[in-house]
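# Coordinate analysis (summary)
Each chain, written out:
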2 protein chains.
Amino acid sequence: MRLSKLVAERTKEAPSDAKMMSHILMLRAGYMKQVANGIFTLTSLGQKACLNIENIIREEMNKCDGQEVKFPVVMPKELWEVSGRYYSIGSEMVRFNDRANHPMLLGMTHEEAAVHLAKNWVNSYNQLPCMIYQIQTKFRDEPRSRGGLIRVREFTMKDAYSFHTSQEDLEKYYYEVHKAYEKIYERIGLKNVISVKSDTGMMGGSVAHEFMFLNHNGEDELVLCEQCGYRANQEVAECIYQEAEKEDLLPLEEIDTGDAKDIDSVAKLLKTDATKCIKAVVFAIKKEEGTVVCFVRGDKEVNEAKLKKICKKDIVPFDASSEDGFCAGNIGPKGLKAKNCEIYFDLSLKNQTNLVTGANKEKYHFVNFNIERDYGKVEYYDLSKVQEGQICPHCGKHKVKISNGVEIGNIFQLGTKYSKSMNMLVKTKEGQEINPIMGCYGIGVGRNLACVVEENYDERGIVMPLNIAPYKVHISPLRIDDNTVSSTAFDLYNKLKENNIEVLIDDRDCMPGVKFADADLMGMPIRVVVSPRSLQNNQIEIKLRKTGETILASVEESLNVLLEIIKNNKNI
Amino acid sequence: MRLSKLVAERTKEAPSDAKMMSHILMLRAGYMKQVANGIFTLTSLGQKACLNIENIIREEMNKCDGQEVKFPVVMPKELWEVSGRYYSIGSEMVRFNDRANHPMLLGMTHEEAAVHLAKNWVNSYNQLPCMIYQIQTKFRDEPRSRGGLIRVREFTMKDAYSFHTSQEDLEKYYYEVHKAYEKIYERIGLKNVISVKSDTGMMGGSVAHEFMFLNHNGEDELVLCEQCGYRANQEVAECIYQEAEKEDLLPLEEIDTGDAKDIDSVAKLLKTDATKCIKAVVFAIKKEEGTVVCFVRGDKEVNEAKLKKICKKDIVPFDASSEDGFCAGNIGPKGLKAKNCEIYFDLSLKNQTNLVTGANKEKYHFVNFNIERDYGKVEYYDLSKVQEGQICPHCGKHKVKISNGVEIGNIFQLGTKYSKSMNMLVKTKEGQEINPIMGCYGIGVGRNLACVVEENYDERGIVMPLNIAPYKVHISPLRIDDNTVSSTAFDLYNKLKENNIEVLIDDRDCMPGVKFADADLMGMPIRVVVSPRSLQNNQIEIKLRKTGETILASVEESLNVLLEIIKNNKNI
């Protein structure tokens, strides 16, 4: 490809709303262009890198005996009614009526379509296990798109669906796909990736893992124990607590705390610690009257995912006011009079004594509040987030670390949620009819590309790993008007193309500095400089973008040297 | 791939609404499954064949210096407002509001997105010509989906957009893409393909060609002169006429024709010929008051595409009644009193004498009607369809033939419609700022696959060309329970996989007849039969699906024989 014709521009600056380096660099190097909020066009730089990632994914899925299929993007409402998801999924799913006024939707995921395809055709144990997958455009109307390709509304995704006769067989296969995913990340050039236990969310099922690219910009919080290897998404990480120190129960007192409303002010005023206070967090229930109040220890934060699972309601944070029967800033268990209010206590409060809590009236708190004595017997649930330094729930010994991550893949053990609701039956070896057990496995192409850039750049620009680079070689002929330079460069260019090596040539008549800066910014792994000076010695210069290593090769040998570097690919 | 695990079933019958052989066979052989009207899931058989077609298209586009990009499927209204197409395109375009209530649409084509990408980045003549293309899912809400993948609502399409500084340069490039398309059809195995001049439709522009797969099931009518090579879509084919024989003008008479309303009855009653009658065809104008009446010679049919271009209205056929001022069955030019009625005369009526025409009153026709004498001077336009046997408009000598075809690709010279409306400017060599001249080039992947099947089948099933076959080799081990058969077959299977040959093995324990019938139906180009009988002579049987040619090869040589057949590929 001639750089002069490449529909992509290099710029010094990125728009000010671009914060993540992958976002900034992919815009500055011309890998993509924004069309609307969370919607991008990929230039050939971006698209070729994505196609390389897709092919790696395809190869690894085929090695797991995956069958590549293509489900429709647009599906009729009926298909999603049987599983119940037509109603349970909110406004992130696009719905429209077709010209015959039939309700349709844009598929966000394809469990229903997978069962629709396999149903009737797959009906005996000897057809299982089997796995079907697709690589396809998806649209999810995300409320907050961010970070360029990190979180978008339209994206290309590989989604796979497997069918099994037993949980054992699913687990065996699940582990195989887990290994295939690790292989994919390795091949595309992503290093800081771990898998963590995760929530099953809208998919249903019991066990799920997310592959997380560790990065301080990641939206997900991960709980990691470096000693025992425990890894979980904050959403599902369990809290365990050391036995609270025993104290004598002191008499309950109601105290004027004036304008002190939040935990810090109250604790400061009363010369105590946040750990000795009860924090009240109020949630509204979507589409229902009433509220959910969660009481946690003053230093802890409510984990909404856990609370949702326990209270089984679709809740959202809520600013409680007197209209709803709350005395904001002074909410406590004792004397709470809000109507239709469900109350939950977090495990962090169990066995805690002599606490500070709101007295449910303006300006007043209780001190020396003891839940059982002053309120009654309650159940405690694990409802709060794990904090850095808390005890590892797995080994029970070491302190956990909290890291941030970007989810770059997920795998789910779905169980029979979809095969059951859609009445898919297979005969077992023993002649029994069962609903097959399913797994599903997702990976987003563009987000992975963005993470690769996030991990591979320097002050000069992107450092593309060889395996996914849109062009493996970037030829920079200095002084293109020099006939020897030009013919040597184009000769090498043509020979590389004949050898099926993707190659870019900077055929512009511009300053060497511009050529070098552009090459560094775009980040192709191998740069070839053809200059009048080195040609005097019949040499060209080969430079590796990642290491800066420079090789001088004779004009005649240069092709072979390049082919050798590419063949010995260590994902430079 | 093991056939036992393939998520695809072979059936004896196809649904009764499947009429075209490609539709019937692709359903019966398990290449696809219908999800909704005009919406299909492709199984791995269908999808692998499509991916092979996509790769051939990709290679040929890259040879034309095409840059593969990816535009969004979902686009904001604004992008389509500038070109005016947000309003001019009807209900075949899906529109919806996103969660922020912003109007969005599903892209049917991407001229606007192409200009959006290239604009600002491409601004100088030395960046031109350039071409960007994508291979992408499109949704068009077709009123009539038919013929399986022939006409669907969701499909994968390659769409390309080129930019030029001059019409000359566009024409040169247009011709190059024309050749690339011919190469694509040849490589995917389609023979009966011609290119014809076509209407530019909603794309705008002046010159366009369609590539037509000649087939009696095709919806398009083509006008062909076998002698001079003239080829055009009926929509744009020109009518020319021999000079009418001169007759003396006879006196106009009004005659009671009773209940004779249509041309045939009137001509029969009056003992004359349809060619001596005037046919009136009435159209309503969409979203407007009024009608358009087109008068053509009795034996001719109105060509709506031509009429639309002349009258510049969006018209639809209309049953005229007295309410609108028409006397249906007796409509003629003389005395027509309908309000807001535009009248057009077809070229077929020019210089015709002593005609029969409606008298605009119940039961009456005029005979010996002569347009100039009895009605006045009129303009004649070319508004009717070319008929089989009419004179070729190109050579003016030979008679044309009418054939049917399926449109399998189109190329357009767009002009500056989009670059102008979106204000894209490039500097010419002379420093002048111009709107670049554009071309666009489309090809549908699934429809091409369906046409390949339509052209390549026999009474036993599909005959897949080697280049696009989902699996090149289909191994049928007879008596899979025989250890020697099974190990020989799987040994060959594994070796072919090691050589990156896509191979299917029928690992089912079933009758040879079932295996042969399934293999024939699915249509992989090379079948290998491993049977206890031939193994007695240390041989396996290789059979070509297309020719039936059978080769016996020793077990040891079989791999090389197969690799040789594939290498010498003549698209068997």
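Conventions used here
- Residues numbered from 1 in each chain as written.
- Chains lettered and ligands numbered in written order.
- Predicted model: local features only at pLDDT ≥ 70, side-chain atom pairs only at ≥ 80, totals over all residues.
- Helix = DSSP H or I, 4+ residues; strand = E, 2+ residues; numbered from the N terminus.
- Contact = placed C-beta atoms within 7 Å.
- Nonpolar A, V, L, I, M, F, W, Y, C, P; charged D, E, K, R; others polar.
- Buried ≥ 20, exposed ≤ 12 C-beta atoms within 10 Å, placed from the backbone.
- Pairing = 2+ DSSP bridges.
- Axes fitted to C-alpha atoms, helices over the stretch in contact; angles between N-to-C directions.
- Expected span 1.5 Å × (residues − 1).
- Arc of directions from axis to C-beta.
- Least-squares fit on C-alpha atoms with pLDDT ≥ 70 in both.
- Domains from an automatic or database assignment.
- Parallel < 35°, antiparallel > 145°, perpendicular 65-115°, else oblique.
- Left-handed = near helix turned anticlockwise from the far one by under 90°.

What follows concerns the overall build of chain A. The number of helices and strands found in chain A is 15 helices and 31 strands. Considered along the principal axes of its C-alpha atoms, chain A spans approximately 95 × 65 × 50 Å. Of the contacts formed within chain A by residues at least 6 apart in sequence, a portion of 72% connects residues at least 24 apart.

Of the residues lining the interface, 49 residues belong to chain B; the matching set on chain A comes to 50 residues. Contributions of two or more residues to the side of chain B that touches chain A are made by β1 (32-36), β2 (39-42), α2 (44-63), β3 (66-68), β4 (74-76), α5 (111-118) and β7 (130-139) of chain B. Per-class residue counts for the side of chain B that touches chain A are 27 nonpolar, 11 polar and 11 charged.

Residues and elements named next belong to chain B. Burial within β7 is extensive, with nine of its 10 residues counted as buried. Where β3 lies against β7, three bridges are found, and the strand directions are parallel. Bridge assignment links E68 to a residue of β7, and that residue is Y133. As paired strands, β7 and strand β8 (residues 154-164) are joined by 10 bridges and run antiparallel to one another. Looking across to β8, one finds that Y133 is bridged to A160.

Right, let's get into helix α1 (residues 21-28) of chain B. Residues and elements named next belong to chain B. Within α1, seven of the eight residues are buried, which leaves it mostly tucked inside the rest of the structure. For α1, the set of buried residues is M21, S22, H23, L25, M26, L27 and R28. On its buried face, α1 sits against β1, α2, α11 (445-455), β25 (457-458), β26 (461-462) and α13 (512-522). Just downstream of α1, G30 is the residue with a positive phi angle, here 75°.

All names here are of chain A. In spatial order, the strands read β4-β6-β5; together these three strands make up an open sheet with antiparallel pairing. Each edge of the sheet is formed by a strand with only one pairing partner; in this case those strands are β4 (74-76) and β5 (95-97). Sheet twist, expressed as the average angle between the axes of neighbouring strands with direction ignored, equals 35°. For β5 and strand β6 (residues 103-106), the ladder comprises three bridges, and the chain directions are antiparallel. What sits directly across from R95, in β6, is L105.

Moving on, we get to unusual backbone geometry. Here the bond from L128(A) into P129(A) is cis, since omega is -5°, no more than 30 degrees from zero. Mapped onto the elements of the fold, P129(A) is located in the loop between α5 (111-118) and β7 (130-139). Positive phi outside glycine occurs at N354(A), with the angle close to 50°. Its place among the elements puts N354(A) in the loop between β17 (341-346) and β18 (355-361). Under the C-beta neighbour-count criterion, N354(A) is labelled partly exposed, with 16 such atoms within 10 Å. You will see that K363(B), though not glycine, has its phi angle at about 75°, which is positive. Residue placement: K363(B) occurs in the loop between β18 (355-361) and β19 (364-369).

Glancing now at the sheet that holds β18(A). All names here are of chain A. Strand order in this open sheet of three strands is β13-β19-β18, and the pairing throughout is antiparallel. Every interior strand has two partners, whereas the edge strands, β13 (253-256) and β18, have only one. Going from strand to strand, the sheet's axes swing by 35° on average, the running direction of each strand aside. Looking at chain direction, β13 and strand β19 (residues 364-369) are connected through four bridges and run antiparallel. Residue pairing in the sheet places D256 in a bridge with Y364 of β19.

Before going further, it helps to spend a moment on helix α12 (residues 483-498) of chain B. Residues and elements named next belong to chain B. End to end, α12 covers 22 Å across 16 residues, agreeing with the expected 22 Å (1.5 Å per residue, within 8%). Considered for burial, the residues of α12 that qualify are V485, T488, A489, L492, Y493 and L496. Buried residues of α12 fall within an arc of 135° about the axis and therefore sit on the same side. Those residues of α12 that are exposed and aimed more than 90 degrees away from the buried face are N483, S487, N494 and E498. The secondary structure elements touched by the buried residues of α12 are β27 (473-477), β28 (503-505), β29 (526-530), α14 (532-536) and α15 (558-567).

This brings us to the relation of the copies chain B and chain A. Once chain B has been moved 0.0 Å along the axis and rotated by 180°, it coincides with chain A to within an RMSD of 0.2 Å. The relationship between the two copies is best expressed as a two-fold rotation axis. The C-alpha atom lying nearest the rotation axis in chain B is that of F96(B); the distance is 3.1 Å. An overlap of 100% is found between the interface residues of chain B and their copies at the interface of chain A, pointing to a shared contact surface.

The subject of this paragraph is the domain arrangement of chain A. When cut into domains, chain A gives domain 1 (46-71 + 107-237 + 402-453), domain 2 (253-381) and domain 3 (471-567). Between the C-alpha centres of domain 2 of chain A and domain 3 of chain A the distance comes to 67 Å.

Residues and elements named next belong to chain A. It is the contact of helix α12 (residues 483-498) with helix α15 (residues 558-567), at a shortest axis distance of 10 Å, that shows an interaxial angle of 45°. It follows that α12 is oblique to α15 by the angle criterion. Between α12 and α15 the crossing geometry is right-handed. In this structure, α12 contributes L492, K495 and L496 to the contact, and α15 contributes S558, L559 and L562. Grouping the constituent residues of the contact of α12 with α15 by class yields four nonpolar, one polar and one charged.

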